[in-house]
Amino acid sequence: MSQGVYPAVRSSHVLLPGETYGHLLYERPDLEAIDASLREGRLLVVVPTGKRPQVGVLARLVYRRPVLTPGLPLPLVGLRRVRVRRFTATRPHLRAEVEPYQEPAVARAERKQLLLLRTQLKSDGFRRRSRADRQLARQRCSYRIVDRLCVSVRADRRVRARVLVADTLCERIEALKEYDDVREALDTTPVEDADELSQ
């Protein structure tokens, strides 16, 4: 259940579900939020810096008892999107009241593009193909493919922010098309899993 009030941190890096990222601990409020997450046994909300965010990501710590050292990265794993209703506190650390985010279903018009994106995850074209990429390349089509591919192509902050907040898969795919290899895949790659298109 994603609804409730959670310790929160702001990050200049736009964390996406399924991604592991080393959040840099520079500010005392961040240290306090991590400490509160550990004490309360709760997940952490990661929100992008900038204007008031409406979407964040629930994340968990990679290590159960990390060493909280200012200036060193703390690995977090993005789990799922949440809607940020409001911030309930800023001291001693940020706390966010969140509610579940309804991920988009895959429409027929988007299924073909997702199959092509999944084909990209199977290809040797990416320098760093993680275990998560390989697993996802074997799964059925879902919104997770866009998130994973966004991480694989090392999308910049602007594209990540669009992918994070877009309510439809079509908008997320359009954001990814800014990358040549993704656009070329959608334009030229044959669909191997044609049977899935009829489901």
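Before any of the text, the structure's been laid out above.
Residues numbered from 1 in each chain as written. Predicted model: local features only at pLDDT ≥ 70, side-chain atom pairs only at ≥ 80, totals over all residues. Heavy atoms only, no water.

S.K.: I'm lost on the packing of helix α5 (residues 157-165) against helix α6 (residues 169-176) in this one. Help?
M.R.: Direction vectors running N to C along α5 and α6 enclose 170°, while the axes themselves pass 8 Å from each other. Relative to α6, the element α5 lies roughly antiparallel. Where α5 abuts α6, its residues V159, R162 and V163 lie against R172, E174 and A175. Of the residues assigned to the contact of α5 with α6, the class counts are 3 nonpolar, no polar and 3 charged. (Axes fitted to C-alpha atoms, helices over the stretch in contact; angles between N-to-C directions. Helix = DSSP H or I, 4+ residues; strand = E, 2+ residues; numbered from the N terminus. Parallel < 35°, antiparallel > 145°, perpendicular 65-115°, else oblique. Contact = heavy atoms within 4.5 Å. Nonpolar A, V, L, I, M, F, W, Y, C, P; charged D, E, K, R; others polar.)

S.K.: Would you take a moment to explain the side chain of E103 for this structure?
M.R.: You can see E103 is positioned in the loop between β6 (94-100) and α2 (108-122). Reaching out from E103, the side chain makes a polar contact with the side chain of R81 at a distance of 2.9 Å. E103 has contacts with R81, Y143 and R172, leaving out every residue within four places of it along the chain. (Polar contact = N/O pair within 3.5 Å; in protein donor to acceptor, adjacent residues only side chain to side chain.)

S.K.: When you look at the pattern of salt bridges in this model, what are you seeing that I'm missing?
M.R.: Working definition: two side chains of opposite charge can pair if their charged atoms are close together. Using the criterion set out here, one finds 14 salt bridges in the structure. A salt bridge links E40 to R95; its shortest N-O distance comes to 3.1 Å. Note that E40 is positioned in helix α1 (residues 28-40) and R95 in strand β6, a separation of 55 residues in sequence. A relative accessible area of 36% means that E40 is categorised as partly exposed. The class of R95 is buried, set by a relative accessible area of 18%. The structure contains a network of salt bridges with shared partners spanning R81, E103, D147 and R172. (Salt bridge = Lys/Arg side-chain N within 4 Å of Asp/Glu carboxyl O. Buried < 20%, exposed > 50% of the residue type's maximum accessible area, 1.4 Å probe, protein only.)

S.K.: Would you explain the nonpolar core in this entry?
M.R.: In globular proteins that are soluble, nonpolar side chains generally tend to be buried together. Ranked by size, the top nonpolar core spans 38 residues in total, and within it L114, L117 and V146 carry the most contacts. Broken down by secondary-structure element, the contributors of at least two residues to this core are α1, β3 (44-48), β4 (55-61), β5 (73-89), α2, α4 (144-152), α5 and α6. Examining the composition of this core, we find that 5 residues originate from one element, α4, more than from any other. Those residues in contact with V146, other than ones at most four positions away along the chain, are L114, L117, V163, L169, R172, I173 and L176. (Core = buried A, V, L, I, M, F, W, Y, C linked by side-chain atoms within 4.5 Å.)

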